[in-house]
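Single-letter residue listing:
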Amino acid sequence: MPVSLKRKIQRSTELQQRAERLFPGGVDSPVRAFRAVGGHPPFAVKGDGAYLWDADGNRYIDYFGSWGPMILGHAFPPVVDAIQQAAARSASFGASTPAEGDLAELVVEAYPSVEKLRFVSSGTEATMSAIRLARAFTGRDYVIKFEGCYHGHSDGLLVKAGSGVATFGIPGSAGVPNDVARYTLALPFNDISAVEAVFAEHRGEIACIILEPIVGNMGCVPPASGYLEALRKITREENALLIFDEVMTGFRVAYGGAQELYGIQPDMTTLGKIVGGGLPCGAFGARAEIMDMLAPLGPVYQAGTLSGNPLAMAAGIATVGYLKEHRTEVYARLESLSAAVADGVAAEAAKAGVPLTTNRVGAMFTWFFTQNHVTDFESASTSDTAAFAHFHNAMLDLGVWLPPSQYEAAFLSAAHSTDDVEITIAAARETFAAIVG
Ligand SMILES: *Cc1c(COP(=O)(O)O)cnc(C)c1O
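Residue indices begin from 1 for each chain and proceed along its sequence in written order. Only residues with pLDDT of 70 or above have their local features reported here, since the model is predicted, and side-chain atom pairs are shown and tallied only from 80 upward, although totals for entire chains, interfaces and linings are computed over all residues. The basis for every side-chain value is the complete set of heavy atoms in the structure, and neither hydrogens nor water enter the calculation.

A. Expanded view of the site of the ligand. We call a residue near a molecule or strand when any one of its heavy atoms sits within 4 Å of it. S122, G123, T124, Y150, H151, G152, E212, N217, D245, V247, M248 and K273 make up every residue found near the ligand. Separating an oxygen atom of the ligand from a side-chain N or O atom of T124 is a distance of 2.6 Å. One of the side-chain nitrogen or oxygen atoms of K273 is found 2.6 Å away from an oxygen atom of the ligand. Per-residue accessibility takes into account occlusion by the displayed protein chains alone, with areas from the Shrake-Rupley method and a 1.4 Å probe. Across the complex, the protein chains shield 83% of the 380 Å² of accessible surface that the ligand would expose by itself. Polar here means any residue other than Ala, Val, Leu, Ile, Met, Phe, Trp, Tyr, Cys and Pro, which are nonpolar, and Asp, Glu, Lys and Arg, which are charged; Gly is therefore polar. Partitioned by chemical class, the residues of the shell around the ligand number three nonpolar, six polar and three charged. The term polar contact refers here to a pair of N or O atoms within 3.5 Å; inside protein, the definition further demands a hydrogen-donor-capable atom paired with an acceptor-capable atom, and it admits residues adjacent in sequence only when both atoms are side-chain atoms.

Following this line, the structure appears as structure tokens:
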């Protein structure tokens, strides 16, 4: 049972003060700053299985898993061993290594739509490179993306939607030239008629559709029934490429990602997060005819000093190899524990009269503080973010670390236990009682 002790924050607060002198907002990636929820971001010093410890010695049950990679839990011994052994042989060569082929074979086997791939060092690089390749392959410039989908922080993919963006992209970030953003057509997710309308308007000009087949970056939003099929059909008819950005969903919702779960073969796939087992790694892949347009075989340039890095490959092979060998038990466990915690917390909200909509696909889920169905960015935006912030802070104080934004999916790992789930549900019960009371 959780005890309502206020967590200690002194050391993390000192570290935060130093960090704010050195890093904008005190962070290397914005959401870590806790601006959406307020409060004091704990400084992580250690992880083990489902738990994180901060610089003040507080222990948390972790529901963000480094934003997805830690599907087997923190410091999973086979992954730690693999990294240590690889490090002892040198952290980097800048030459081809056997491990790259080993991990690539695992990826190709798990993702039949991928015949060839390239490893890069982040999801951002994977999607950026995939778009360049799709443009070269089709000889077209326009890209369709969906409002609320995140594909990393390259210029053309940082376009937010709003009225008028179906025709002309508006930069979602300062510093992105309008001339770049105008080639990104941002449409509402789960609305096939919006896609049909844009194809009709830009016949022969659209290179690709890129999407998170299950969105995680506006909170968890699954595709409506028939939606992915309809995107597959229209891209085939219009000779545009369909890119599944599976940086989050790959090896998460199923071993073969969303494409295995829904039985849809995209033209290109991007991976990240789990594929690198917690080290910096991404990948993009497709059929050979597309991938062979890359240098040195073709005219599309793409490169990386640390691409296919030996430590990242070792961590990836250890993680993906374990998932492959134990896939039946691991994904069954992820499903049942995730259902237990997602539904258990939802039931406590219902009992307390707190409006909550729970979306979940496997071990990826979001509790939206709204009574509306959440099917796209507009409906996600009906959430009471102040209530979420309160919930987040109260849960943190009770030793449960959720992603610090209403618009981020939570993740469970194979290291979580039924006890962890019980403690989480009890913490939610206490929190909802305090919200209502
Ligand atoms: C995390 C994420 C990215 C970006 O990956 P980075 O490694 O952070 O650059 C891209 N697409 C999706 C779907 C993601 O979840």
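B. Examining the sheet that holds strand β13 (residues 357-361) more closely. In this analysis, strands are considered paired if DSSP registers two or more bridges between them. Helical segments are the DSSP runs of H or I of at least four residues, strand segments are the runs of E of at least two, and each set is numbered from the N terminus. Ordered in space as β13-β14-β16, the three strands form an open sheet in which the pairing is antiparallel. In this open sheet, the two edge strands, each paired with only one partner strand, are β13 and β16 (410-411). Judged from the five bridges that link them, β13 and strand β14 (residues 364-368) form a sheet pairing that is antiparallel. The residue of β14 that forms the bridge with V361 is M364. Here, two residues are considered to be in contact whenever any of their heavy atoms come within 4.5 Å of each other. Every angle, taken between N-to-C directions, lies between 0 and 180 degrees, and every axis is a line fitted to C-alpha atoms, over only the stretch in contact when it is a helix. Its contacts with the sheet place helix α11 (residues 327-352) against β13 and β14, and it is angled at close to 5 degrees to β14.

C. How the structure looks around the sheet that holds strand β3 (residues 59-62). Across the sheet, which stays open at both edges, the four strands sit in the order β1-β2-β3-β15 with mixed pairing between neighbours. In this open sheet, the two strands that pair with only one neighbour each are β1 (44-48) and β15 (400-401). As defined by bridge partners, β1 adjoins strand β2 (residues 51-54) across four bridges and the pair is classed as antiparallel. Note that in β2 the partner of A44 across the bridge is D54. Helix-sheet contacts for helix α14 (residues 418-436) involve β2, β3 and β15, and the interaxial angle to β3 is about 100 degrees.

D. Up close: the pairing of strand β8 (residues 184-187). Residues T184 and A186 point to one face of β8 and L185 and L187 to the other, with burial holding for every one of them. Examined bridge by bridge, strand β5 (residues 142-146) and β8 share four bridges and lie parallel to one another. Paired with V143 across the two strands is T184, which belongs to β8. Burial here depends on accessible area, computed with a 1.4 Å probe over protein chains only, as a share of the maximum for the residue type. Under 20% is buried, over 50% is exposed, and the range in between is partly exposed.

E. Highlighting the pattern of salt bridges. The salt bridge definition used is simple: a Lys or Arg side-chain nitrogen within 4 Å of an Asp or Glu carboxyl oxygen. Tallied over the full model, the rule gives 13 salt bridges. The partner of K351 in a salt bridge is E348, and the shortest N-O contact between them spans 3.3 Å. Taken together, the residues K351 and E348, both in helix α11 and three residues apart, mark about one turn of the helix. Owing to a relative accessible area of 66%, K351 belongs among the exposed residues under this scheme. Take E348: its relative accessible area is 8%, and that puts it in the buried class. Here E348 makes a salt bridge to R429, at a shortest N to O gap of 3.3 Å. Here E348 is found in helix α11, whereas its partner R429 is found in helix α14, with 81 residues between them in sequence. Taken together, the shared-partner salt bridges in this structure form one network comprising R232, D267, R287 and E289.

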